[in-house]
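Understanding the architecture of this molecule
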Amino acid sequence: MNKEVRVRFAPSPTGALHIGGVRTALYNYLFAKKNQGKFLLRIEDTDQTRFVKGAEEYIKEALEWIGITPDESPWKEGPHGPYRQSERKPLYMQYAMDLVEKGHAYYAFDTSEELDAMRERLTAARVVSPQYNSITRTQMKNSLTLPEDEVKARLESGDPYVIRLKVPRKEEIRLNDMIRGWVMVHSNTLDDKVLMKSDGMPTYHLANIVDDHLMGITHVIRGEEWLPSAPIHVLLYRYLGWEDTMPQFAHLPLLLKPDGNGKLSKRDADKNGFPIFPMDWTDPRTGDFSQGFRQAGYFPDAFVNFLAFLGWNPGDNQEIFSMEELINAFSVERIGKSGTKFDINKAKWFNEQYLKAKSNHDLAQYLIEDLKQEGIEILQAKAEQIVAIMKERATFPSDLWKEGRFMLIAPTEFDEKVAAKKWNEDVVAVLTAYRDALDKFEGEFTPQSAKAMLESAAESQEIKLGKVMQAVRLAVTGVGAGPDLMEIFTIIGKDELIKRIDFALNTLEVKAK
Ligand code: GLU
């Protein structure tokens, strides 16, 4: 029997989870569910200096909002807890010691001044990227260069130290990425990464590998920005003796700026006025507020559908996928290698499709709620009528009211451009005839009867209806475009319609022809 698939999403609580992180979480979830496996969430909070209050709660809520619940997490303990690295602190030292004993790691006592001096020396000697590595380590203060008794004395007296990985000088490190294929890196490009810090906390590299191993992780699906760390991770698996159970790696393509030039950033989002975080976020360090997809009016299922397509495609023309369908269709083979351009219009398109697919009954609740905020009460049936004709033109539920205000509130102003162009004597003649016909009308007021009356009003004035139609709309709605006008007339009702026509006739001035 094959081993159970176990994947993890391992965010650091250093700020709001941005869209790239949510995509990573989603792909992990889809992969786990597709393979009847488990999706874990582990909080990587070993870097206490970068800890941001509220970030962990934010991650939890964001995942709940999009409907992906981890099978094991700090909030749902499983057999491999705790799921917060800070709570696993006592666990890591033994692995660092094991590496030291095997000669794959060493103690380093260099002060930050000494490290700076080394970097300056190397920069002066025109070394492009000065590093603590297999060459420079020989000139530094560590257990490879200092006499054994001095090392012992320093450790006993509590001198601050870090433990560094001893990266081999000449070695080709290979890893088979599920998306990129074989990736080869020469060890002389790597530095001797710190594994344990002087505060007794492990670094990301050590904690990540130890935890992935102990938690039985089979596949590591994460952003491309972690690819440069992967060779270090391969070395760690090897040196810890875990190479035969090393997870398979899949590094997801970058999310690119809308123009494709470089990595998508919060600045792009701010500049172009689109969200980049799943939900509203106020940075507690700066007070900076960013609107989230959720509060901007995106439906969670539309957002998930949009996210799924940021780097993956099903290989056919289907675009609308429920979570269940995504799980069935998902495969790592269909994730692209190159970066994906972020296109907010695509997100809007998905939202429109999901909005249109909702029942009038459900959408009416949004409208009713928005109206309540303004102190307006409306009957369910009427709300459904409005929603039925507005939904074709709405991207977000809030558009139903924003764009459909005129259905319940008579315009007090008119679009000046349309008025200047279209308001004339012919319109006045047709509308005057129409209002009189409406006044006398006693039948059932339907889109059909409303239209028939308008047509005969135009005919009686020997004016082509097409020529005045936009101005008629302007008179009743205040604007020059919108959904079917006869539907609007019936929703507004005959009496209100007459009032509006009167107001327009009294307010709008006819310019000389
Ligand atoms: N803690 C890392 C992050 O913040 C995890 C990277 C990984 O998945 O290995 O994304």
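Residues numbered from 1 in each chain as written. Predicted model: local features only at pLDDT ≥ 70, side-chain atom pairs only at ≥ 80, totals over all residues. Heavy atoms only, no water.

Here we look at the packing of aromatic side chains
What describes a pair of aromatic rings is the distance from one ring centre to the other and the angle between the planes of the rings. One pass over the full model with this rule turns up 25 aromatic pairs. With a centroid separation of 5.8 Å and an interplanar angle of 80°, the aromatic rings of W312 and F321 are classed as edge-to-face. Residue classification places W312 among the buried positions, given a relative accessible area of 2%. Given the relative accessible area of 4%, F321 is considered buried. Clustering of aromatic rings is evident, with ring pairs tying together W65, F274, F293, Y298, F303, F306, F342 and F396. Taking the ring centre of W349 as reference, the NZ or CZ of K346 above it sits at 4.6 Å. A cation over a ring is seen here: K358 above F299, with NZ or CZ 4.5 Å from the ring centre. (Phe/Tyr/Trp six-rings, centres within 6.5 Å; stacked < 30°, edge-to-face > 60°. Buried < 20%, exposed > 50% of the residue type's maximum accessible area, 1.4 Å probe, protein only. Lys NZ or Arg CZ within 6 Å of the ring centre and 35° of its normal.)

Describing the environment of I463
Assignment of secondary structure puts I463 in the loop between helix 18 (447–460) and helix 19 (465–477). Expressed as a C-alpha distance, the spacing of I463 and V430, which sit 33 residues apart in the sequence, is 7.6 Å. Setting aside residues up to four positions removed in sequence, I463 forms contacts with D426, A429, V430, A458 and V468. (Helix = DSSP H or I, 4+ residues; strand = E, 2+ residues; numbered from the N terminus. Contact = heavy atoms within 4.5 Å.)

So, the sheet that holds strand 3 (residues 105–108)
The strands making up a sheet are joined through hydrogen bonds of the backbone, oriented either antiparallel or parallel. Taken in spatial order, the 3 strands make up an open sheet running 3-4-7, and their pairing is antiparallel. Edge positions in the open sheet fall to strand 3 and strand 7 (194–196), since each of these has one partner strand only. The sheet shows a mean angle of 45° between the axes of neighbouring strands, direction not considered. Helix-sheet contacts for helix 3 (residues 89–101) involve strand 3, strand 4 (162–165) and strand 7, and the interaxial angle to strand 3 is about 105°. (Pairing = 2+ DSSP bridges. Axes fitted to C-alpha atoms, helices over the stretch in contact; angles between N-to-C directions.)

Some points on the packing of helix 17 (residues 425–440) against helix 18
In the contact formed by helix 17 and helix 18, the axes pass within 8 Å of each other and the chain directions differ by 135°. Judged by the angle between their axes, helix 17 and helix 18 are oblique. Crossing hand, helix 17 versus helix 18: right-handed. Residues V430, A433, Y434, A437 and L438 of helix 17 touch helix 18, and the partners they reach there are A450, M453, L454, A457, A458 and S460. Split by residue class, the contact of helix 17 with helix 18 holds 10 nonpolar, 1 polar and no charged. (Parallel < 35°, antiparallel > 145°, perpendicular 65-115°, else oblique. Left-handed = near helix turned anticlockwise from the far one by under 90°. Nonpolar A, V, L, I, M, F, W, Y, C, P; charged D, E, K, R; others polar.)

Comments concerning the layout of surface pockets
Counted as a void, the largest pocket has a volume near 1,200 Å³. Together, 47 residues line the largest pocket, and P11, S12, T14, E225 and W226 are the ones closest to its centre. Looking at which element gives the most residues to the lining of the largest pocket, the answer is helix 1 (residues 19–34), with 4 residues. The residue makeup of the lining of the largest pocket, split by class, is 19 nonpolar, 13 polar and 15 charged. (1 Å grid on protein atoms, 1.4 Å probe; cavity = no way out; pocket = protein on both sides within 12 Å on 5 of 7 lines; lining within 4 Å. Points joined across faces, edges and corners; volume = space filled by probe spheres on them.)

A closer look at the site of the ligand
Around the ligand, the neighbouring residues are R8, A10, S12, E44, Y204, N208, R222 and W226. Here R8 contributes a side-chain N or O atom positioned 2.8 Å from an oxygen atom of the ligand. Take E44: an N or O atom from its side chain is 2.6 Å from a nitrogen atom of the ligand. A molecule is said to occupy a pocket when more than half its atoms come within 2 Å of that pocket's grid points, and by this definition the ligand occupies the largest pocket. When grouped by side-chain class, the residues that make up the shell around the ligand number 3 nonpolar, 2 polar and 3 charged. (Near = heavy atom within 4 Å. Polar contact = N/O pair within 3.5 Å; in protein donor to acceptor, adjacent residues only side chain to side chain. Sits in = over half its atoms within 2 Å of the grid points.)

Some thoughts on the environment of I276
In this fold, I276 is placed in the loop between helix 8 (266–272) and strand 11 (281–282). For I276, a relative accessible area of 3% puts it in the buried group. For the pair I276 and D45, spaced 231 residues apart in sequence, the C-alpha to C-alpha distance is 23 Å. Not counting the four nearest positions on each side in its chain, I276 is found in contact with H18, I19, L264, S265, K266, A269 and F293.

Some remarks on the packing of helix 6 (residues 204–214) against helix 7 (residues 230–239)
Packing of helix 6 against helix 7 brings their axes to within 10 Å, and their N-to-C directions diverge by 55°. The pairing of helix 6 with helix 7 is recorded here as oblique in orientation. Helix 6 and helix 7 meet at a crossing whose hand is right-handed. Across from Y204, H205, L206, N208, I209 and D212 in helix 6, the residues of helix 7 making contact are I232, H233, L236 and Y237.

Some details on the UniProt feature "short sequence motif: 'HIGH' region" (unreviewed entry) in the protein chain
UniProt records the feature "short sequence motif: 'HIGH' region" (unreviewed entry) at residues 11–21, using the numbering of this structure. With 27% helix and 0% strand, residues 11–21 has its two end C-alpha atoms placed 8 Å apart. (UniProt positions renumbered as here; feature names shortened; annotations may be inferred.)

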